[in-house]
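Chain residues, written in single-letter form:
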Amino acid sequence: MGRTPKIISETASTFGPIISPSKELLSKTLHTLERAVAEVPTNTVVHADKFYATVDQLAEDMNAGGLPPGFLWKRFLAQSTVESKWSQPRLAAAPKGGHYGVKFQLGQYMRVVAWAEPYLARKAIDNPKLMTQFGEALIRLDMEDLFEGQWVTGIASYTRKQMLSPKFRKWLLTHPPAWVIAHNQPLRNLFRRYYRNARKLNYYATTPTLKAMQALINRSDDRLPRADVAHVLAGITGLRALIGKEQYYNRWMLANLLWKFLRLAKARHNKPAAIQIETYIQSWKNHTRRWYLKRWLSEALTTPGATPWRVWSPPIEVRLLHKP
């Protein structure tokens, strides 16, 4: 399934030597994670004691090295598919009948991380040792998912002086990952490099292309003029040039857009437009050596789907409202 991305392995190494867990610890950690997925609260749930107890165990297992860096990531990537009408690929942690018997969707995994953070922050407030332990566990969990742009790396866009200033201190005490990044210079430098590269394919870069594609989707006469189709494809070519080495989500996003674009042409029975888009997809597929991208582009050519009704952009860069 390919090598573990450097950003995952290097993040793990900033917390100490990487030691492969025993089969028993790995299995225990995976099933703890599976329980957390099953117990994650909903917006209507007030009491979530069972979930919080599971999160305590999950944080302990993660900091004990319960998952090798990239273990979940490789499974996320291996099962990712280009077919999705939303902003993330369809994938799960392990196949049905997998060796570890664990299966859950990426969206469920992300909800666990989102619900775990405020709980762990409340538990660790005014306790730097716990803040560090919980922050490292949350960063390990967050970095297993490289499909959603890794917002946690954006914290490193601030300097250590800014993060330790009085204006930021209150925020640090409610955000364990930020606490860890503020006090770990190698990790801060690593995330800063990664984040600066990831920012290239942002809302402002994609808007001109996506607006043109949305305009074609919105046309009431069902026409797909050759020049307009070529304009969108040229825009996608420009966006491809902005993708960094480990920006898996951004490559998936463009493959998904091409799948939607081809679905649009075929739904309108516009053979010239379909051929134009298919030729583009095939050319990209022929010129990439990335196995996962070849698979996504193959899926874009062959996977059926409904007529798209909208396109979307990567999240706008998130920053704090008040800078020091």
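Computed from a predicted structure; not experimentally measured.

Chemist: So, the overall build of the protein: which residues are in play, and what are the values?
Modeler: Of the regular secondary structure elements, the protein holds 15 helices and zero strands. Scaling as 2.2 N^0.38, a compact globule of 324 residues should have a C-alpha radius of gyration of about 20 Å, and the protein matches this with 21 Å. Referenced to the eigenvectors of the C-alpha coordinate spread, the extents of the protein come out at roughly 65 × 50 × 40 Å. The burial tally for the protein puts 50% of its 324 residues in the buried class. Sequence separation of at least 24 residues holds for 74% of the intrachain contacts in the protein that already meet a minimum separation of 6. Between the mean site of the 48 positive side-chain charges and the mean site of the 23 negative ones, the protein shows a separation of 7 Å.

Chemist: Run through empty space enclosed by the protein, naming residues and quoting values.
Modeler: Scanning all chains against the criterion turns up one cavity of 30 Å³ or more. The computed volume of the largest cavity comes to approximately 40 Å³. As for the largest cavity, its lining consists of V55, L58, A59, A116, L120, A137, L138 and L141. Considered class by class, the residues forming the lining of the largest cavity number eight nonpolar, no polar and no charged.

Chemist: Give me the lowdown on a positive patch on the surface, citing residues and values where you can.
Modeler: Taken together, the side chains of K6, K245, R289 and R290 define a basic patch exposed on the protein surface. By secondary structure assignment, the location of K6 is in helix α1 (residues 6–13). Assessed through its relative accessible area of 52%, K6 is described here as exposed.

Chemist: Give a description of the packing of helix α11 (residues 203–218) against helix α12 (residues 226–240) that names residues and reports values.
Modeler: One can describe the packing of α11 onto α12 by two numbers: an axis separation of 9 Å at closest approach and a directional angle of 155°. One element, α11, and the other, α12, form an angle in the roughly antiparallel class. As α11 packs across α12, the resulting crossing turns out to be left-handed. Residues A205, T206, P208, T209, A212, M213 and L216 of α11 touch α12, and the partners they reach there are D228, V229, H231, V232, G235, I236 and L239. Considered class by class, the residues forming the contact of α11 with α12 number nine nonpolar, four polar and one charged.

Chemist: Could you give an account of the environment of K103, naming the residues involved and the relevant values?
Modeler: By the element assignment, K103 lies in the loop between α4 (71–79) and α5 (106–124). It is 44 Å that separates the C-alpha atoms of K103 and D221, two residues lying 118 residues apart in sequence.

Chemist: An account of the confidence of the model for the protein is needed here, citing residue identities and associated values.
Modeler: Detailed reading of predicted coordinates is not advised where the pLDDT is low. For the protein, per-residue confidence averages 88 on the pLDDT scale, and 90% of positions sit at 70 or higher. Taking the mean pLDDT of every element in the protein, the minimum, 82, falls on helix α8 (residues 166–172) and the maximum, 98, on helix α14 (residues 271–287). Across residues 317–324, confidence stays below pLDDT 50; counting only partners more than four residues off in sequence or on other chains, it has 15 contacts.

Chemist: Any details on the pattern of salt bridges? Residues and values, ideally.
Modeler: The tally for this structure, following the rule as stated, stands at eight salt bridges. Close ionic contact of R3 with E246 constitutes a salt bridge, the shortest N to O distance being 3.4 Å. Of the two residues, R3 is situated in the segment before α1 and E246 in the loop between α12 and α13 (248–267); the sequence distance between them amounts to 243 residues. Judged by relative accessible area, E246 falls into the buried class, the value being 10%.

Chemist: For the side chain of K260, give the residues involved together with the corresponding values.
Modeler: As for its position among the elements, K260 is in helix α13. It is E83 that comes nearest to the buried, bridge-free K260 among opposite-charge side chains, at 11 Å. Dropping the residues within four chain positions of it, K260 is found in contact with S84, K85, W86, M213, P308, R310 and W312.

Rules behind the numbers
- Residues numbered from 1 in each chain as written.
- Predicted model: local features only at pLDDT ≥ 70, side-chain atom pairs only at ≥ 80, totals over all residues.
- Heavy atoms only, no water.
- Helix = DSSP H or I, 4+ residues; strand = E, 2+ residues; numbered from the N terminus.
- Rg over C-alpha atoms; globule rule 2.2 N^0.38 Å.
- Buried < 20%, exposed > 50% of the residue type's maximum accessible area, 1.4 Å probe, protein only.
- Contact = heavy atoms within 4.5 Å.
- Lys, Arg positive; Asp, Glu negative; His and termini not counted.
- Charge placed at Lys NZ, Arg CZ, Asp CG, Glu CD.
- 1 Å grid on protein atoms, 1.4 Å probe; cavity = no way out; pocket = protein on both sides within 12 Å on 5 of 7 lines; lining within 4 Å.
- Points joined across faces, edges and corners; volume = space filled by probe spheres on them.
- Nonpolar A, V, L, I, M, F, W, Y, C, P; charged D, E, K, R; others polar.
- Patch = residues over 30% accessible without salt bridge, like charges linked within 9 Å, V, L, I, M, F, W, Y side chains within 5 Å.
- Areas by Shrake-Rupley, 256 points an atom, 1.4 Å probe, with all protein chains shown as cover.
- Salt bridge = Lys/Arg side-chain N within 4 Å of Asp/Glu carboxyl O.
- Axes fitted to C-alpha atoms, helices over the stretch in contact; angles between N-to-C directions.
- Parallel < 35°, antiparallel > 145°, perpendicular 65-115°, else oblique.
- Left-handed = near helix turned anticlockwise from the far one by under 90°.
- pLDDT = per-residue confidence, 0-100.

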